[in-house]
Amino acid sequence: MAIEVTVKKWGNSKGAIFPKEFLEEKGIRENDKVLIEVVKKADFSRLFGSLKGTRMTGQQFKDMVRKGWD
């Protein structure tokens, strides 16, 4: 199950708050150690409208988008 959380400043550190329903479903309680896989959401906002009037293949588009993930 994937959920979206926002990282916020917490004193001199950063932290994320997980929804209660998610924690209950997974049986996670305070002081439990968990392993988290982080996947940053891609921001495609600068691409919207940038392809008007151009013709490119699906592969060319994927290659262009992947450049922003490096």
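Keep in mind it's a predicted model, so treat the numbers as computed, not measured.

S.K.: How would you sum up the overall build of the chain? Please name residues and give values.
M.R.: Check the secondary structure of the chain and you find 2 helices and 2 strands. Ordered by position in the sequence, the α and β elements of the chain form the string β-β-α-α. Taking contacts inside the chain between residues at least 6 apart in sequence as the whole, the part at least 24 apart equals 16%. In the structure as shown, the chain presents an accessible area of about 7,200 Å², 54% of it carried by carbon and sulfur atoms.

S.K.: Report on the packing of aromatic side chains, specifying residues and quantitative values.
M.R.: Scanning the entire structure with this criterion turns up 1 aromatic pair. The interplanar angle of 20° and the centroid separation of 6.1 Å between the aromatic rings of Phe 18 and Phe 22 together place this pair among those described as stacked. Classification of Phe 18 by relative accessible area gives partly exposed; the value is 29%.

S.K.: I'd like a rundown of the confidence of the model for the chain, residues and numbers included.
M.R.: When the pLDDT values of the chain are averaged, the result is 83; 84% of them are 70 or greater. Helix 2 (residues 58-67) is the least confidently modelled element of the chain, averaging 83 in pLDDT, while strand 2 (residues 13-16) averages 93, the highest of any element.

What counts and how
- Residues numbered from 1 in each chain as written.
- Predicted model: local features only at pLDDT ≥ 70, side-chain atom pairs only at ≥ 80, totals over all residues.
- Heavy atoms only, no water.
- Helix = DSSP H or I, 4+ residues; strand = E, 2+ residues; numbered from the N terminus.
- Contact = heavy atoms within 4.5 Å.
- Areas by Shrake-Rupley, 256 points an atom, 1.4 Å probe, with all protein chains shown as cover.
- Phe/Tyr/Trp six-rings, centres within 6.5 Å; stacked < 30°, edge-to-face > 60°.
- Buried < 20%, exposed > 50% of the residue type's maximum accessible area, 1.4 Å probe, protein only.
- pLDDT = per-residue confidence, 0-100.

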